Amino acid sequence: MFDYVHQLALQVLSTFHKVTLATSGPAGVQAGEFACEACGLQLFLLIPKTSDQLFNLEHHPQVTLLAGEWELSGSAGLAAAPEAPPGLALLEQADAQWCELVRIQPQRM
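Residues numbered from 1 in each chain as written. Predicted model: local features only at pLDDT ≥ 70, side-chain atom pairs only at ≥ 80, totals over all residues. Heavy atoms only, no water.

### With respect to the nonpolar core
Grouped together as the largest cluster of nonpolar side chains are 17 residues, with contacts concentrated most on Leu45, Ile47, Leu65 and Ile104. Elements with a minimum of two residues in this core: β1 (18–23), β2 (30–39), β3 (42–48), α2 (52–59), β4 (62–67), β5 (70–78) and β6 (99–108). The contacts of Ile104, once residues within four sequence positions are left out, are Gln42, Leu43, Leu45, Val63, Leu65, Leu72, Ser75 and Ala76. Listed in part, the ten residues of the second largest apolar core include Phe44, Ala79, Ala84 and Leu88. (Core = buried A, V, L, I, M, F, W, Y, C linked by side-chain atoms within 4.5 Å. Buried < 20%, exposed > 50% of the residue type's maximum accessible area, 1.4 Å probe, protein only. Helix = DSSP H or I, 4+ residues; strand = E, 2+ residues; numbered from the N terminus. Contact = heavy atoms within 4.5 Å.)

### Remarks on the sheet that holds β4
Strand order around the closed barrel formed by six strands is β1-β2-β3-β6-β5-β4, with antiparallel pairing between neighbours. On average, each strand axis in the sheet is tilted by 45° relative to the strand beside it, whichever way the strands run. On the sheet, α2 packs against β1, β2, β3, β4, β5 and β6 and is oriented at approximately 75° with respect to β2. (Pairing = 2+ DSSP bridges. Axes fitted to C-alpha atoms, helices over the stretch in contact; angles between N-to-C directions.)

The following block contains the structure:
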């Protein structure tokens with residue numbers, strides 16, 4: 001049973017390439033659409049360095065992601081490019097140099 005659920009989660013997460021990220025913290029409630037890429041059960045997002053979302057994440061890492069017909073709650077943190085999985089296509093986008101790479105560790109979907 002667990003293998004089936006795990007495989008289904010992997011399939012669903014890899015289907016989407018944009019998600020809406022919702023955070024809360026000192027900058028208030030923030031929501032925005034960002035490019036994403038799944039690597040296993042982790043999601044990686046590119047968030048502009050000037051975004052209030054990053055300020056919120058520094059103080060409160062709990063996030064909610066929305067895409068299509070699913071909602072995911074998890075914990076977020078900055079991921080340095082060298083820590084990223086090999087071949088992560090997000091890092092090859094033209095605006096990647098102006099963004100921070102954020103790793104989302106899902107807790108509930």
